[in-house]
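Fold and contact review
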Amino acid sequence: MSAAGKPRVLLMHPILDPGPAILAEAAEVVPYPPDRPLDEASIRQAADGCVGIVSQVMDPIREAVLSTPGLKCVSNVAVGFDNIDVAAATQRKVMVTNTPGVLDDTTADFAFTLLMAAARRVVEADSFTRSGKFRGWAIDMMLGADVYGATLGIIGIGRIGRGVAHRAKGFNMRVIYYDPHPLPPEAQDQLGATPVDLRRLLMESDFISIHVPLSQDTHHLMSTPQFEQMKRTAILINTSRGPVVDEAALVEALKAKKLAGAALDVYEREPAVHPNLIPMSNVVLAPHIASATTRTRSEMSAMAARNMATALRGGRPPNLVNPEVKK
Ligand code: GLV
């Protein structure tokens, strides 16, 4: 509690309007020093005396941080929360919240952007043109892959996966999906998506887009055996979490031409990118920006601030990922 009588909240990184105002009404906001490393010991030290932490995907919020005396809530400004040890938080009765829903369409848009960019070699074509190599139209220049009418395999048919399927309809794509929890038949029909097992998805897809949360079950879901089963002409798109794809195995598979290309927004050891991906012209690389539009990042900020404010006022935050903590 601060001198002003407001509970202290550690803000790990700045958030967008109207988030700061919502937070400031409920708490005394303590900014995390921007030059301080993001390791657990440093965060634990900075969290001393705080009842809340507003975190982002790069912040490791695990046992050491969760043991901060008096900590009540960790509000993650993201839909994914694999940076937080939720089991440890639950055990310590710390609420964990996220920002679902507001970023689905923006993220699905970006997955499709990456798909199109990789299929039609947009990044490569841009550098080619800028570097003055364009000497005139040529029948065999920058030949890419057709998106229209191709088969799209979606791994994970949650809100974002469904958004991608919906967009694929406009491109007359055949949509197949793999998810251990398939949609009810009516939803499937409406979406025009057919459930298949992972093996069939890998074998039949021209594009594979991943939309699963990172968990023990999805860690390295895509590795050497999976790349072996893909079409040699297929392109892999990942906007979920880096460790869902075995990055070293992807590099080897790309080198061996087991697949034609990849478009990645997330990496196994962010912000590091596997050095062998950098020179590959058949790979599109983005810096974890799938939800980065002004509107969406602002809504995520507001939502995270509201989650925290509700928790501080003794309420049950609307986006509680461990509801057992607050009955
Ligand atoms: C971003 O990666 C998110 O999980 O919202």
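Heads up: the structure comes first, above all this text.
What comes next concerns the included structure. Please read all numbers here as calculations on a predicted model, not as lab measurements.

**Concerning the nonpolar core**
Within the largest apolar cluster, 30 residues are counted, with the highest numbers of intra-cluster contacts made by L114, L152, I154, V164, M173, F207 and I237. The element best represented in this core is helix α5 (residues 104-119), accounting for nine residues. L236, A262, Y267 and M280 belong to the second largest nonpolar core, which has 29 residues in total.

**Thoughts on the site of the ligand**
Near the ligand, the surroundings consist of A78, V79, G80, L103, R241, H288 and M300. For the ligand, an oxygen atom lies 2.8 Å from a polar atom in the backbone of G80. H288 is positioned with one of its side-chain polar atoms (N or O) 2.7 Å from an oxygen atom of the ligand. Out of a free accessible area of 190 Å², the ligand has 87% covered by protein chains.

**A word on the side chain of S298**
Secondary-structure assignment places S298 in helix α12 (residues 294-312). Assessed through its relative accessible area of 18%, S298 is described here as buried. Residue contacts for S298: discarding those within four places in its chain leaves L16, D17 and P18.

**Remarks on the environment of A168**
Inspection of the secondary structure puts A168 in helix α7 (residues 159-169). Residue A168 is classed as buried on the basis of its relative accessible area, which comes to 0%.

**Description of the sheet that holds strand β5 (residues 95-97)**
Ordered in space as β2-β1-β3-β4-β5, the five strands form an open sheet in which the pairing is parallel. Every interior strand has two partners, whereas the edge strands, β2 (28-31) and β5, have only one. In this sheet, neighbouring strand axes are inclined to one another by 20° on average, regardless of whether the strands run parallel or antiparallel. Packed onto the sheet, α12 meets β1 (8-11), β3 (52-55), β4 (73-76) and β5 and runs at close to 170° relative to β4.

Each value, and the rule that gives it
Residues numbered from 1 in each chain as written. Predicted model: local features only at pLDDT ≥ 70, side-chain atom pairs only at ≥ 80, totals over all residues. Heavy atoms only, no water. Core = buried A, V, L, I, M, F, W, Y, C linked by side-chain atoms within 4.5 Å. Buried < 20%, exposed > 50% of the residue type's maximum accessible area, 1.4 Å probe, protein only. Helix = DSSP H or I, 4+ residues; strand = E, 2+ residues; numbered from the N terminus. Near = heavy atom within 4 Å. Polar contact = N/O pair within 3.5 Å; in protein donor to acceptor, adjacent residues only side chain to side chain. Areas by Shrake-Rupley, 256 points an atom, 1.4 Å probe, with all protein chains shown as cover. Contact = heavy atoms within 4.5 Å. Pairing = 2+ DSSP bridges. Axes fitted to C-alpha atoms, helices over the stretch in contact; angles between N-to-C directions.

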